[in-house]
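# Coordinate inspection notes
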6 protein chains.
Amino acid sequence: MRLSEAGEKARILTEALPYIRRWAGATVVVKVGGEALEEDDALDSLVTDIVLMRFVGMSPILVHGGGPQISDVMRRLGKAPAFVSGLRVTDAETMEIVKMVLLGVVNKRVVAAMSRHGGQAVGISGEDGGLLTARRVRGPGGEELGFVGEVERVDPAILEGLVAGEFIPVIAPIAAGPDGSYNVNADRAAGALAGALGAQKIVFLTNVPGLYRDLGDEGSLISETTADQLEKLLDSGSLSQGMIPKIESVLDAMRAGVPQAHILDGRVPHALLLEVFTDEGVGTMVLP
Amino acid sequence: MRLSEAGEKARILTEALPYIRRWAGATVVVKVGGEALEEDDALDSLVTDIVLMRFVGMSPILVHGGGPQISDVMRRLGKAPAFVSGLRVTDAETMEIVKMVLLGVVNKRVVAAMSRHGGQAVGISGEDGGLLTARRVRGPGGEELGFVGEVERVDPAILEGLVAGEFIPVIAPIAAGPDGSYNVNADRAAGALAGALGAQKIVFLTNVPGLYRDLGDEGSLISETTADQLEKLLDSGSLSQGMIPKIESVLDAMRAGVPQAHILDGRVPHALLLEVFTDEGVGTMVLP
Amino acid sequence: MRLSEAGEKARILTEALPYIRRWAGATVVVKVGGEALEEDDALDSLVTDIVLMRFVGMSPILVHGGGPQISDVMRRLGKAPAFVSGLRVTDAETMEIVKMVLLGVVNKRVVAAMSRHGGQAVGISGEDGGLLTARRVRGPGGEELGFVGEVERVDPAILEGLVAGEFIPVIAPIAAGPDGSYNVNADRAAGALAGALGAQKIVFLTNVPGLYRDLGDEGSLISETTADQLEKLLDSGSLSQGMIPKIESVLDAMRAGVPQAHILDGRVPHALLLEVFTDEGVGTMVLP
Amino acid sequence: MRLSEAGEKARILTEALPYIRRWAGATVVVKVGGEALEEDDALDSLVTDIVLMRFVGMSPILVHGGGPQISDVMRRLGKAPAFVSGLRVTDAETMEIVKMVLLGVVNKRVVAAMSRHGGQAVGISGEDGGLLTARRVRGPGGEELGFVGEVERVDPAILEGLVAGEFIPVIAPIAAGPDGSYNVNADRAAGALAGALGAQKIVFLTNVPGLYRDLGDEGSLISETTADQLEKLLDSGSLSQGMIPKIESVLDAMRAGVPQAHILDGRVPHALLLEVFTDEGVGTMVLP
Amino acid sequence: MRLSEAGEKARILTEALPYIRRWAGATVVVKVGGEALEEDDALDSLVTDIVLMRFVGMSPILVHGGGPQISDVMRRLGKAPAFVSGLRVTDAETMEIVKMVLLGVVNKRVVAAMSRHGGQAVGISGEDGGLLTARRVRGPGGEELGFVGEVERVDPAILEGLVAGEFIPVIAPIAAGPDGSYNVNADRAAGALAGALGAQKIVFLTNVPGLYRDLGDEGSLISETTADQLEKLLDSGSLSQGMIPKIESVLDAMRAGVPQAHILDGRVPHALLLEVFTDEGVGTMVLP
Amino acid sequence: MRLSEAGEKARILTEALPYIRRWAGATVVVKVGGEALEEDDALDSLVTDIVLMRFVGMSPILVHGGGPQISDVMRRLGKAPAFVSGLRVTDAETMEIVKMVLLGVVNKRVVAAMSRHGGQAVGISGEDGGLLTARRVRGPGGEELGFVGEVERVDPAILEGLVAGEFIPVIAPIAAGPDGSYNVNADRAAGALAGALGAQKIVFLTNVPGLYRDLGDEGSLISETTADQLEKLLDSGSLSQGMIPKIESVLDAMRAGVPQAHILDGRVPHALLLEVFTDEGVGTMVLP
């Protein structure tokens, strides 16, 4: 090893020390969308970061989506995906497919990747151990959406046991509803979980560089903001449709006492790790 | 309440006392096939029995199959199920379907039923927390079967945490193999788990009344037998193909120290409860 | 086993499940009078029920009387029992006899019966470990009664240790008084213990079918009532003398937060078990 | 305080330090006969010593007899006490009296005295929690003695819980026998308990100054001896009848690993305290 | 042993019982000055008393000074000790000597003496584990004193771990200051520690018989007083300079909830033991 | 942050992951000589590495020397340091200076540096809590050396409590000897501690690049070797005098079951961190 490289390694590792110290023992909820789990490289990058967080003493909890994967299987089964204002219309047959894909495919793909990188992950549906209970919701115009719900209650007992055993929970956004399984928005599920667990941080990995003051103006990327300003941004109507549930989840989590939220570009390799362990922030940070 | 009915109730409840006492704290592994989970009544009967076992202080662990459900979805996706000596030929696409059906459909159907009857169940794949590791196997004639494996190693840490938290684990027979997820026989998975957990009892719920001395002769039902006699029966060739992995699993579990095994008729309502809590046995009991 | 009988057994056992679930972990104080402990059959019935409660996860605590047995030994020692308004006049010699009979005979007879039915019971005097402290009381007309007291303070530490060790405490109503051992009413001791322990239920086993609206009118048996109505009944003067301390104890316990009380006919075999584990109630239930 | 007296106090207290240190955490079984419990002064002296042992960190366990008290009540009930070779002939009625007197009178007298001196004592019969199980024995000449037994099995679970809670167990020598309660020799019960508990010391408080080499020769008091020499003494026939079960119990306890036994004169005030906490020994010490 | 001596020993040991009981589990902070640690006899007397306190279940914590020893080494190194109103002027070099002497000499001398008398002591600087943090102070006339501080914050975590492990902490009055190690007054450090630990008692061992109403009048020794009266005494100006920080520390500790303080003559052998374990008090006791 | 730098940071942090995982929970003993503690930069580098080890879940324990510092103070006090074969001749006065310097200066300098970098360190002498006991040794030619000893017994109880509390122990090589404090070789103390604690690794930070096959030939640096080869090297006589106790300590530790030892160049910044957390080794590694 050349000395300069050794020095560089030492510098970067010691730069991480204050962050490791600060987040020791902290529960951090990370939300990742289905699209970010399709490429092996992106999955490996994400999973390495999560496992590293676990090994330096944090308690990471991953909540994942799976929209593209669900639509894909629906099409293979001859069913056309339908959406109302971004919410998937979910009849009984679609719900069956949602569970098959989220629990049987996406969730297990993440668990297996964690295992390959040395983490002990456990795939969890929101129905396991009564973790998530949902009530039925309609579309913004009162449309009947089927088995689509919003989180009504979180019972984190099962997560607490797993976290104590140093397992990494990987959670699919399915909840027990009044008449069977319900499809819930993964962003909102992550926010509700972070609140119920008293998490110290919630991170949304997206496919944009962060939050913009002016949608479409790359120069207006917000590197730090507050809950108050977010509420104004939400009211202003200048947010993309995909960003709205993230912002609402950030606000939910902060109301429940989570002191820090991040919106990062999940396409940047190791964006999570860089955010957590280095001096430079990436994406948008929200403080109360 | 008429007095005679009250007396009958008291008699039956007090009859259960010695069994409750004997099995207090015991780990009991129950294996149920996919066909027994199709009818709501049968599922409710099974799940009630398991939840009752949990509430009187036992630690039941359920391992389930899902053969008919897998074949059904394969056909819907235009794929013909194929078998070699009872083992499903499992190419990569089939394996994906196996996971979708077992984890996304069958497993969650059981978890939801437990929840309806007041039990806190947690659905677990053998890949979660490194529970089951498999090696690849071939057919009896050396046939290439794809992602079909046999259990090589059991790491019960995840079950121990869940059982301590009074959750009921519901396990799908999928294992981490050398190159991805593997399909393992649910009977054999149950036997391996019972051995690794030091279970006090393993129960196989089947669709026959029990084990027969002479296949086809209803009068030859065996109510009690030993491991030695089972080995002879296995060598004699007079067992049905479906019974062979059950018998091998019983023998595996007994070699690992499990002191009692049962083969019951899962079609009899509450067969499990009657076996565990009443004087009369049902089906076939095996002692070492 | 005939199928219909199996079905009946399964029906009754599964009927018990919701009750087992509801009372899991609950502390239940049961008071039984001395007369109910004289017959072997009645004792066995009671003790089986208590042991069953313990094995399905409840924490039963038994408080017993012993009036007839004390009077019997007094007569054998040439001493005439005397009472003022139902309270035994207790001089020093009588107190010695009270202790000999309650602790040496009645208490140990119950402990031995528990042991025969598989329960680990421990006989406890209210003087052990400082459990019960009493102050001296006089008769309603100011009569000097000797070593007769009412419970002034309960220190449940000793019971907590025993219950944690899964022992069943069997308690004789003797308390430490200002100048030696005191005789306390077993009903009142049971009520005070239930309050101090935060019990979820208190049950009085009596030799009548329950509480009557009109004393002497069998048709006026009350199956359910409230604390408020009990207070009125107490004021009305229409209660038998033996029932008064039970009613006062129920009211004491409810004021201390015990949410449910029962007055049952201890002469019905397994009355306790039927009350706790079946749909039909027996006797009188009191809610706050 | 005069300085010389202060110095004397300091000298005696610091003399105790090495003994307090040596016996910290040690379980010590103390046996006392019924006659030593009759006088208030002797009882107070004994009980103070035991409470002091508890407060300096030892775990004392007291086993008591009650012969004179039993015989006294028998006579009051018109029954003549009868003995064969020192063993009380115990018919069913006598056994009832034994329990009444030991549990209802003697045991509770000790518990109350402990309480007066600040110790939390708990009276225990050998039948409580399955502590002592006995088999029936006959007299040396094969005489039928009734409910007289010898300890067959000790289950110390109940004592361990009480000792952990810093209670002082006070044990009456009654055991569960094959057909009811049995009378066992208190010396032998103490020896069996010391062995089962892994006690560090067993002390017998007697009404003689110790063990004599020559019975009747006061000058032949043995201050220290070994198990081997005791066996010879036992064979020599020169022991008084009351001393024999003590010696046998010492030998039993030593075979079970108890490393130190003492035979002290219980009539000397605070003999126990002087033995345990001062340089000068009193009575006879036995080492392995 | 003559009987009269045995009786005397028993009398003194049983006299200690109520005190042992009363102080069981209590944290007691003892402050001793450097001069009292110079003579071997005085050190042995003190250390024996502390070890005895530990063995009867108290948690003693010793805080020591070391003024004479520091001045001595300073002189050997050619540096003249200087004081302003009793506070040592402490430049960087002096601070180095203070640490060398307190930590390398005085503290270790006490730890070694504890070890010789069977106690497991651990020497602690106020800088270890962040125990004591100080701010810089000046002399009463605004004089610059160097590294002289007063305790600003106490983090007792390290002491709690040691006390749980039954070690005896021996604490040198050095604290972490804004720019290095600081010298703090040992009396004040003891008072701050007693308050932060919720001690039940604080004892100052001095070289006078106690507190006097009139300085110089031996007959005016105060045997018992209150915090209120102490404040008046402090305002009256009739205290010696060495007594002032003791009185201020007593008042600090009492404000923080310590319910009892003592000022004893450390020159009397075993003064601490006599105060704690006998009926007669020595020196001055302060109650709130 | 430029993307290439972000990538570099991510690469180096993820490179550390397998090492963090491998050493999670491991006890690692680090020995550093007095000379390496003189410069602030070197001290900060070492202390950062140790604190980082603690925060990623390892249990580092530091043992330090202090030779140059001791000699320096001796000279200031007018005493000439003297050595026999590398062992300091230690009369009583020298021993006093050794303790003053090691405990009052060197040890506290390290503790304070840890505190500045966010670690909670506790300075410990081998005499604290009975950690190290030594016997007296003589020089190789039988020379009388005074208070110079070798470690005879290690009682790690005090370290276990501190490590459980997440404190970092910083240990000075002083031991309790037969007649007072003894000076022990810090390398040997580290080896003995590693063995007694069941450490997973021992690291010696020296002022040479590692171990050489041929002393003086820079090209003969050994990067990996075994205990067997070390023994031969020790016998060959080609080791520098300072290296001999290191090698003997490595061999001692390995005999006691420590599976890995390192000899590193403490002058390289963060040599410890690079060895523990990166792919490239530095210095010499010894395996069993």
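The structure this text deals with has already been given above.
First, a word on scope: everything that follows refers to the structure included in this document. (Residues numbered from 1 in each chain as written. Chains lettered and ligands numbered in written order. Predicted model: local features only at pLDDT ≥ 70, side-chain atom pairs only at ≥ 80, totals over all residues. Heavy atoms only, no water.)

Check the secondary structure of chain A and you find nine helices and 16 strands. In terms of overall size, chain A behaves like a compact globule, its C-alpha atoms giving a radius of gyration of 19 Å where 288 residues would be expected to give roughly 19 Å. Each principal axis of the C-alpha atoms in chain A carries an extent, and together these give about 65 × 40 × 35 Å. Going through the 288 residues of chain A one by one, you find that 58% of them count as buried. If you take every contact in chain A between residues at least 6 apart in sequence, the share linking residues at least 24 apart comes to 72%. As displayed, chain A has an accessible area near 10600 Å², and 49% of this comes from carbon and sulfur atoms. Charged side chains of chain A number 26 positive and 38 negative; the gap between the two group centres comes to 2 Å. (Helix = DSSP H or I, 4+ residues; strand = E, 2+ residues; numbered from the N terminus. Rg over C-alpha atoms; globule rule 2.2 N^0.38 Å. Buried < 20%, exposed > 50% of the residue type's maximum accessible area, 1.4 Å probe, protein only. Contact = heavy atoms within 4.5 Å. Areas by Shrake-Rupley, 256 points an atom, 1.4 Å probe, with all protein chains shown as cover. Lys, Arg positive; Asp, Glu negative; His and termini not counted. Charge placed at Lys NZ, Arg CZ, Asp CG, Glu CD.)

This part covers the relation of the copies chain D and chain E. Least-squares fitting of chain D to chain E yields an RMSD of 0.1 Å, with the transformation described by 0.1 Å of translation along the axis and a rotation of 180°. The superposition operator between the copies reduces to a two-fold rotation axis. Taking the C-alpha atom as reference, chain D places D:Val56 closest to the rotation axis, 2.1 Å from it. Taken as a fraction of all interface residues of chain D, those also at the interface in chain E reach 97%, which identifies the copy contact as same-surface. (Least-squares fit on C-alpha atoms with pLDDT ≥ 70 in both.)

Contacts between the two partners involve 33 residues from chain D and, on the opposite side, 33 residues from chain E. With both chains or domains summed, chain D and chain E bury close to 2800 Å², and 80% of this area falls on carbon and sulfur atoms. Counting the surface chain D buries against chain E, the share from its top three residues, D:Lys9, D:Leu13 and D:Phe55, is 23%. Joining chain D to chain E, the criterion identifies two salt bridges. Between E:Glu15 and D:Lys9 there is a salt bridge, and its shortest N-O distance comes to 2.8 Å. (Buried area = accessible area lost by both parts, 1.4 Å probe. Salt bridge = Lys/Arg side-chain N within 4 Å of Asp/Glu carboxyl O.)

Moving on, we come to the interface of chain A and chain F. Interfaces are frequently sized by the accessible area removed from exposure as the parts join. With 32 residues of chain A in contact, the opposing surface of chain F contributes 33 residues. Of the roughly 2800 Å² buried where chain A meets chain F, counting both sides, 80% is carbon and sulfur surface. On the chain A side of the interface with chain F, the three residues burying the most area are A:Lys9, A:Leu13 and A:Phe55, jointly 23% of the side's total. Joining chain A to chain F, the criterion identifies two salt bridges. Those elements that provide at least two residues to the side of chain A that touches chain F are α1 (3-23), α2 (40-55) and α9 (271-277) of chain A. Here the side of chain A that touches chain F takes 14 residues from α1(A), the largest share from any one element. In terms of residue class, the side of chain A that touches chain F is made up of 18 nonpolar, six polar and eight charged. (Nonpolar A, V, L, I, M, F, W, Y, C, P; charged D, E, K, R; others polar.)

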